[in-house]
Amino acid sequence: MNFDYSEEQQLLADSIRRFIGKDYDFAARKAIIASAEGYSRDAWQTFAGIGLLGLPFSSDFGGFGAAALDMMSVMEAIGEGLVVEPYLSTVGLAGQLVARAGTPAQKEKILPKVIEGALKMAFAHTEEGARYNLDHVVLSAKTTASVYVLDGEKRVVLHAPMADQLVVSARVSPSPATPSPLGEGRGEGSGRGE
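Residues numbered from 1 in each chain as written. Predicted model: local features only at pLDDT ≥ 70, side-chain atom pairs only at ≥ 80, totals over all residues. Heavy atoms only, no water.

Let us now look at helix α1 (residues 7-23). The end-to-end C-alpha distance of α1, which contains 17 residues, comes to 24 Å, matching closely the 24 Å that a straight helix rising 1.5 Å per residue would cover. Taken together, the buried positions of α1 are occupied by Gln-9, Leu-12, Ala-13, Ile-16, Phe-19 and Ile-20. Projected onto a plane normal to the axis of α1, the buried residues spread over an arc of 115° and lie on a single side. Exposed residues on α1 whose side chains face more than 90 degrees from its buried face are Glu-7, Glu-8, Arg-18, Gly-21 and Lys-22. In this structure, the buried side of α1 is in contact with α3 (41-49) and α4 (68-80). (Helix = DSSP H or I, 4+ residues; strand = E, 2+ residues; numbered from the N terminus. Expected span 1.5 Å × (residues − 1). Buried < 20%, exposed > 50% of the residue type's maximum accessible area, 1.4 Å probe, protein only. Arc of directions from axis to C-beta. Contact = heavy atoms within 4.5 Å.)

On to the nonpolar core. Formed by 36 residues in total, the largest nonpolar core has its most connected members in Tyr-24, Phe-47, Val-74, Tyr-87 and Met-121. Taken together, the elements giving at least two residues each to this core come down to α1, α3, α4, α5 (87-101) and α6 (104-115). The element contributing the most residues to this core is α1, with 5 residues. With residues near it in sequence (within four places) discarded, Val-74 still touches Leu-12, Ile-16, Leu-52, Leu-55 and Tyr-87. (Core = buried A, V, L, I, M, F, W, Y, C linked by side-chain atoms within 4.5 Å.)

Our focus in this paragraph is the packing of α5 against α6. Between α5 and α6, the shortest axis-to-axis distance is 9 Å and the interhelical angle comes to 160°. Between α5 and α6, the angle falls in the class roughly antiparallel. Remark: the crossing between α5 and α6 carries left-handed chirality. Contacts from Thr-90, Val-91, Gly-95, Val-98 and Ala-99 in α5 reach Gln-106, Lys-107, Ile-110, Leu-111 and Val-114 in α6. Among the residues making up the contact of α5 with α6, the classes are represented as 6 nonpolar, 3 polar and 1 charged. (Axes fitted to C-alpha atoms, helices over the stretch in contact; angles between N-to-C directions. Parallel < 35°, antiparallel > 145°, perpendicular 65-115°, else oblique. Left-handed = near helix turned anticlockwise from the far one by under 90°. Nonpolar A, V, L, I, M, F, W, Y, C, P; charged D, E, K, R; others polar.)

So, on to the side chain of Ser-140. For Ser-140, the position within the fold is in strand β2 (residues 140-143). The residues touching Ser-140, leaving out its near neighbours within four places in the chain, are Val-149, Leu-150, Asp-151, Ala-170 and Arg-171.

What the rule picks out here adds up to 8 salt bridges. Put simply, Glu-76 and Arg-17 hold a salt bridge, and the shortest N to O gap is 3.4 Å. Taken together, the residues Glu-76 in helix α4 and Arg-17 in helix α1 connect sequence positions 59 residues apart. Classification of Glu-76 as partly exposed rests on a relative accessible area of 36%. By relative accessible area, which is 25% here, Arg-17 ends up partly exposed. For Arg-41, the salt bridge is made with Glu-37, and the minimal N-O distance between the two is 2.5 Å. Residue class for Arg-41 comes out exposed when judged on its relative accessible area of 52%. (Salt bridge = Lys/Arg side-chain N within 4 Å of Asp/Glu carboxyl O.)

Once that is clear, we can look at the packing of α4 against α5. In contact at an axis separation of 12 Å, α4 and α5 are set at 165° when each is read in the N-to-C sense. Accordingly, the angle class assigned to the pair α4 and α5 is roughly antiparallel. In this structure, α4 crosses over α5, and the sense of that crossing is left-handed. Here Met-71, Val-74, Met-75 and Ile-78 of α4 come into contact with α5, specifically with Tyr-87, Leu-88 and Val-91. In the contact of α4 with α5, the residues fall into 7 nonpolar, no polar and no charged.

Between its first and last C-alpha, α4 extends 18 Å over 13 residues, near the 18 Å set by a 1.5 Å rise per residue. Those residues of α4 not exposed but buried are Leu-69, Asp-70, Met-71, Ser-73, Val-74, Ala-77 and Ile-78. Buried residues along α4 sit in contact with α1 and α5. Of the residues flanking the end of α4, it is Leu-82, one or two places downstream, whose phi is positive at about 50°.

Another point: the confidence of the model for the protein. Looking at the protein, pLDDT values average 87 and 88% of them are 70 or higher. Note that residues 179-194 has pLDDT below 50 and, in this model, 12 contacts with residues that lie over four places away or in other chains. (pLDDT = per-residue confidence, 0-100.)

What follows is the structure, encoded as structure tokens:
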């Protein structure tokens, strides 16, 4: 499999590097981090303007339908520049969850706003005791007349303070038996693999 960047992918990454070199140097980044918002609205709108926020999303919502390798070149340039904007949390995590698992109405409502830079999101998934087990979701969602009511706690939500909206993983069915602290299995009993 060939993982070399195409000319188009390299041009996109180079445009990000030029922006970082010109408008996102160390002093600018330091000021952004020290600001009350913790990110730059101008940089976010620049990302929207050059199409970065719509890169992986379907053209049905105004995106470009880019592949993983396209995203890799962008993420590499963003990482090199130590960019603090909520790109990974909005586009890479929460936005992708909406794109892949959202209802048609949710996609229509959310994705165009993400692409135009009007909506920043974060994905709340990690819970106490999960120990890197992605299946570990204890937070519950109970339905009322028209909404879900969440009961539980999430930890370490990347870019949550910057987010306009959260995508939260929750369990609507009864919680499974709690895994042992050592991650040695599930079910009832001591969890010591008796």
